Amino acid sequence: MQDALSRRRFLLDTATGVSAAWVATKWPAALAAVQHAHDSAQSAVPPRFEYFSPELAVEIDALTARIIPTGETPGAREAGVVYFIDRALKTFAQDDRKLYAEGMAELQARAREMFPGVERFSAATTEQQDEILRSLDKTAISNDRPFMPRSLAQDFFETLRQHTVAGFLIDPDSDRRGNRDGVGWQVIGREREHMFQPPFGYYDKDYPGWQPAAAEAKKK
Amino acid sequence: MTTGQLKYKTSDEVDFVIIGSGAAGGVIAKELSTNGFRVVVLEQGPYLTEADFTHDEIEVTNQYQLTNNPKYQPMTFRKSPQDKAKRHPAFVYGRMVGGSSVHFTANYWRFHEIDFVERSKVGPISGTGFSDWPITYADLEPYYTKVEWEIGVSGFAGASPFDPPQSTPYPMPPLPVKSGGVIFESAARKLGWHPFPAPMAILSQPRPGRSACVQCGFCESFGCEVGAKSSTRATVIRVAEKTGRCEIRPNCYVHRIETGAHGQVTGAAYFDGKRTVHLQKAKAVVVCANGAETPRLLFLSANKEFSDGLANSSGLVGKYLMMNSGSSARAVFEHPLNDYKGFAVSRVLHDFYELDPEKVGFFGGGGLDTRFDSTPIGFADDYLPHETLMWGKEFKATLAHNFTRTMSIMSHGTSLPVENNSFSLDPDLKDAWGLPAIRMTYKDHPDDLKLGVFLRARMMELLDATDAKQKWANPVEEQDFAYHLLGTCRMGNDPKTSVVNADHRTHDIKNLFLCDGSSLVSSGRGQPTMTIQALAYRAADRITALAKRGGLGA
């Protein structure tokens, strides 16, 4: 993968400052070739955790699978979100390690309290799991997250929720181990090409081209 | 590539030190160096090129690849001078060679004639420092044209009946329309409004060394990998470097402008990437550090003569902050728009640019545009209907359905200049270099909020004229976060009521110039970068003329 990245860098270095026509015609194809190499490299590497213990990884994976569940289409689990979060805690989200440790402990305690006999979140049924998360989720509504005191488990859940979404939808060509094989983008309908041409969608396909409205010429 | 090669010694007294390489600094560097002057540009951020730009949302948004990082350069915020400010990420700016012109949306409408003379036309507004500019639209018109042709702006001249006079057509046609643009245009025309193709500082046709836009969809907030976005880094800075007289020096964080025995400025002191302090000597200094960092640097440069901040005899440095008002509305349609593809904005309308205060009951005006400005992670965070549960089966289904089918509209409007709205030094908090952090004080003028509500109703009216399956508008709220940093070292003829004169020279110090968003007297209706660059071209002409007649001496 490092190799693919450096080749991509090389191609972009080469593209900088050369004729624009060259860039426009050759660059996307060149990138696509690099991308193919990158993808092969990515899937050839067996996943390995960099931060989580295997036990913790199972719990995180179970949580992400309720945030973006697997159904007729892939969910967080198929997108390898747990690997994304694992690397996140080694990189950009190092500051969240304490929250993960303490929030997870509180969440597990809540799971045991709500469902005696269930020892871990991952051991609960999906219905029980959703109930545990609903008990935490007082604020995770779009555009309505007021500043109010929250428990550690609530803060942890909101952070984990954000990380899960990021891990599902991150550019699959980045080296963050999320959005494996681009499945997250497939789910939301984002094409993976690096360049697009009009028509872009349903409503611009028959657009005749811009014309001033007849009245406008007089108005001036 | 000549990126960041050392050319001058700090002990060389160059003709000009320019602080900041963004929208204004890049232009002035190009103009002064092509006019024969020796120029050093000190840029606090790194020198990034096309190869460094990425579609990785984490790197760009969580790791601040292109912008000021509040972890190292913290800010504080309060609503009024009586409050104790709290740590809060209050504004964002591009922190790299090219500044905010690298990551901006690239909307390039010109200010209209009214923006320069509105105070005379609608009269004073109590509680504000509402003023006319010392220059008019006609003074700036040739420079608007220069911006369009030199950096590359796509558009259709005369497409809006509300446009100010434009002496020369755009150098290239508008970018292609998006589905959201077609819906916007058709609905607006049903209502008798006048939508037009957005003027954008993004190439619709290739230029030497730069590709036309490839519609990759990672545009606003991202750096352009093919040089299609007309940042100063991709355009004028290259020209400046080719003169052989201009050195762009990255990773240089200026913390003090030095003054000499006769009160003139003598150069700029800065931390290099290893936090070693240097002093670059210069015959004159031009500060283009943006509407937050420019006043801050003047405060940091206080001395015996100017204890409240360099060139601050008016007491107005940092005051009259304006950041433009605005809100947004969204709609979901039956079929995919795929507005995630391509640049952000394809259609604009200016029917509400100039409202009659007598009729509407408040001062102000604005524009509407259709803008899909979100990449996938941001979409999931910010673009779903209110009351969507943000996890689980419903969340996933909504996300999967809406991503390709959502259209977004934004309003952009006036901010009135209120003296309390300001930047100052925080008395307690320090940045990672030990310098006082910036404190922002801001509370929207009531008219700005009324305008926001008015434009929000127009956005919903427009969406009502479509066959959207679902539509909603976000609330108009008091702002605590700024993208536009305007008016904080305002231009004017009277040294008592302004910081710089019409030549961008400080009233107090002959060889100190300020040119960036801080120079603006009024806020326009948003999209200030075009006007900042026109001002920069004009400032460079004025500075050149002054220097050539020996007018920069103390």
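Residues numbered from 1 in each chain as written. Chains lettered and ligands numbered in written order. Predicted model: local features only at pLDDT ≥ 70, side-chain atom pairs only at ≥ 80, totals over all residues.

**Some remarks on the overall build of chain A**
Moving on, step 1. Helix and strand content of chain A: nine helices and zero strands.
Moving on, step 2. Within chain A, the proportion of its 220 residues that are buried is 35%.
Moving on, step 3. In chain A, once contacts between residues fewer than 6 apart in sequence are set aside, the share between residues at least 24 apart is 56%. (Helix = DSSP H or I, 4+ residues; strand = E, 2+ residues; numbered from the N terminus. Buried ≥ 20, exposed ≤ 12 C-beta atoms within 10 Å, placed from the backbone. Contact = placed C-beta atoms within 7 Å.)

**What to know about the overall build of chain B**
Moving on, step 1. Check the secondary structure of chain B and you find 13 helices and 17 strands.
Moving on, step 2. Structurally, chain B occupies a C-alpha span of about 70 × 50 × 50 Å along its principal axes.
Moving on, step 3. A buried classification covers 61% of the 554 residues belonging to chain B.
Moving on, step 4. Sequence-distant contacts in chain B: of pairs separated by 6 or more residues, those separated by 24 or more amount to 74%.

**A closer look at the sheet that holds strand β16 (residues 470-473) of chain B**
By definition, the strands of a sheet pair up through backbone hydrogen bonds, in either a parallel or an antiparallel sense.
Residue and element names in this part refer to chain B.
Moving on, step 1. In spatial order, the strands read β5-β11-β12-β13-β10-β16; together these six strands make up an open sheet with antiparallel pairing. If you trace the sheet from one side to the other, it starts and ends with β5 (195-197) and β16, each paired once. Taking the axes of each pair of neighbouring strands and ignoring which way they run, one obtains an average angle of 20° across the sheet.
Moving on, step 2. Note that strand β10 (residues 328-332) and strand β13 (residues 406-413) share five bridges and pair antiparallel. (Pairing = 2+ DSSP bridges. Axes fitted to C-alpha atoms, helices over the stretch in contact; angles between N-to-C directions.)

**A few points about helix α6 (residues 179-190) of chain B**
In an α-helix, one full turn covers 3.6 residues, which means residues spaced three or four apart are oriented alike.
Residue and element names in this part refer to chain B.
Moving on, step 1. Taking 1.5 Å per residue as the helical rise, α6 with its 12 residues ought to reach 16 Å, and the 17 Å between its terminal C-alpha atoms agrees with that figure.
Moving on, step 2. Counting buried positions over the 12 residues of α6 gives nine, a clear majority of the element.
Moving on, step 3. Along α6, the positions that sit buried rather than exposed are S179, G180, G181, V182, I183, F184, E185, A187 and A188.
Moving on, step 4. Where α6 is buried, its residues touch β5, β11 (345-349), β12 (366-371), β13 and α12 (446-464).
Moving on, step 5. Backbone geometry just after α6 places G192 at a positive phi near 80°. (Expected span 1.5 Å × (residues − 1).)

**Side note on the interface of chain A and chain B**
Moving on, step 1. Taken together, the 58 residues of chain A in the interface contact 62 residues of chain B.
Moving on, step 2. Only α1 (2-15), α2 (20-44), α3 (54-67), α6 (126-136), α7 (152-169), α8 (183-188) and α9 (214-219) of chain A provide two or more residues apiece to the side of chain A that touches chain B.
Moving on, step 3. Looking at the side of chain A that touches chain B residue by residue, the classes come out as 32 nonpolar, 12 polar and 14 charged. (Nonpolar A, V, L, I, M, F, W, Y, C, P; charged D, E, K, R; others polar.)

**Considerations on the packing of helix α4 (residues 81-88) of chain A against α7(A)**
Residue and element names in this part refer to chain A.
Moving on, step 1. Across the interface, α4 lies against α7 with an axial gap of 9 Å and an inter-helix angle of 115°. Considering the angle they form, α4 stands roughly perpendicular to α7. As for how α4 packs across α7, the hand of that crossing is right-handed. From α4, V81, F84, I85 and A88 reach across to α7, where they touch H163, T164, G167 and F168.
Moving on, step 2. Each residue belonging to the contact of α4 with α7 can be placed in one class, and the counts come to five nonpolar, three polar and no charged. (Parallel < 35°, antiparallel > 145°, perpendicular 65-115°, else oblique. Left-handed = near helix turned anticlockwise from the far one by under 90°.)

**Quick notes on the sheet that holds strand β14 (residues 422-430) of chain B**
All names here are of chain B.
Moving on, step 1. The four strands are arranged β4-β3-β15-β14 in an open sheet whose pairing can be described as mixed. The strands lining the two open edges of the sheet, one partner per strand, are β4 (86-87) and β14.
Moving on, step 2. With five bridges connecting them, β14 and strand β15 (residues 436-441) associate as antiparallel partners. Counted as the bridge partner of S424 is R439 from β15.

**Things to note about the nonpolar core**
Moving on, step 1. Grouped together as the largest cluster of nonpolar side chains are 210 residues, with contacts concentrated most on I19(B), I28(B) and V285(B).
Moving on, step 2. Contact partners of I28(B), with chain neighbours within four places excluded, come to I18(B), V286(B), C288(B), C515(B), A536(B), A539(B) and A540(B). (Core = buried A, V, L, I, M, F, W, Y, C linked by C-beta atoms within 7 Å.)

**Some details on the pairing of β10(B)**
All names here are of chain B.
Moving on, step 1. Within β10, four of the five residues are buried, leaving the element largely enclosed by the surrounding structure.
Moving on, step 2. Taken together, the four bridges between β10 and β16 define a ladder with antiparallel strand orientation. Its bridge partner being in β16, V332 is matched across the sheet by Q470.

**Describing the environment of F299(B)**
All names here are of chain B.
Moving on, step 1. Along the chain, F299 turns up in helix α8 (residues 293-300).
Moving on, step 2. Once the C-alpha coordinates of F299 and P436 are considered, the two residues, 137 residues apart in sequence, prove to be 9.7 Å apart.
Moving on, step 3. In contact with F299, not counting residues within four places along its chain, are G309, V317, G318 and L425.

**Focus on unusual backbone geometry**
Moving on, step 1. Geometrically, the link from P198(A) to P199(A) is a cis peptide bond, its omega value of 0° lying close to zero.
Moving on, step 2. Within the secondary structure layout, P199(A) lies in the loop between α8 and α9.
Moving on, step 3. In this structure, H504(B) is a non-glycine residue whose phi angle is positive, near 70°.
Moving on, step 4. Looking at the element boundaries, H504(B) is found in the loop between β16 and β17 (512-514).
Moving on, step 5. Judged by the 28 C-beta atoms lying within 10 Å of it, H504(B) falls in the buried class.

**Points about helix α1 (residues 23-34) of chain B**
All names here are of chain B.
Moving on, step 1. Compared with an ideal rise of 1.5 Å per residue, which puts 12 residues at 16 Å, α1 spans 17 Å between its outermost C-alpha atoms and is within 8% of the ideal.
Moving on, step 2. For α1, a buried count of 11 out of 12 residues is recorded, marking the element as mostly surrounded by other parts of the structure.
Moving on, step 3. For α1, the full list of buried residues reads A23, A24, G25, G26, V27, I28, A29, K30, E31, L32 and S33.
Moving on, step 4. One or two residues past the end of α1 sits G36, with phi positive at roughly 100°.

**What to know about the environment of A534(B)**
All names here are of chain B.
Moving on, step 1. Within the secondary structure layout, A534 lies in helix α13 (residues 529-548).
Moving on, step 2. The buried category is assigned to A534, around which 25 C-beta atoms lie within 10 Å.
Moving on, step 3. Sequence separation between A534 and S313 is 221 residues, and the spatial gap between their C-alpha atoms is 27 Å.
Moving on, step 4. Not counting residues up to four positions away in its chain, the partners in contact with A534 are L140, Y143, Y144 and V147.

**Remarks on the confidence of the model for chain B**
Moving on, step 1. Taken residue by residue, chain B gives an average pLDDT of 96. The fraction at 70 or more is 99%.
Moving on, step 2. Interface predicted TM-score (ipTM) for the complex: 0.95; the corresponding pTM is 0.93. (pLDDT = per-residue confidence, 0-100.)

**Considerations on the packing of helix α5 (residues 137-152) of chain B against α13(B)**
All names here are of chain B.
Moving on, step 1. It is the contact of α5 with α13, at a shortest axis distance of 8 Å, that shows an interaxial angle of 110°. In terms of their interaxial angle, α5 and α13 are classed as roughly perpendicular. Counted together, L140, Y143, Y144, K146 and V147 of α5 and M530, Q533, A534, Y537 and R538 of α13 form the full contact between these two elements.
Moving on, step 2. Each residue belonging to the contact of α5 with α13 can be placed in one class, and the counts come to seven nonpolar, one polar and two charged.

**Observations concerning the confidence of the model for chain A**
Residues and elements named next belong to chain A.
Moving on, step 1. Within chain A, residue pLDDT values average 80, and 70% of them lie at 70 or more.
Moving on, step 2. Within chain A, the lowest mean pLDDT, 38, falls on α1, and the highest, 98, falls on α8.
Moving on, step 3. This stretch, residues 140-148, has a pLDDT under 50; its non-local contacts, to residues over four places away or in other chains, come to 18 contacts.

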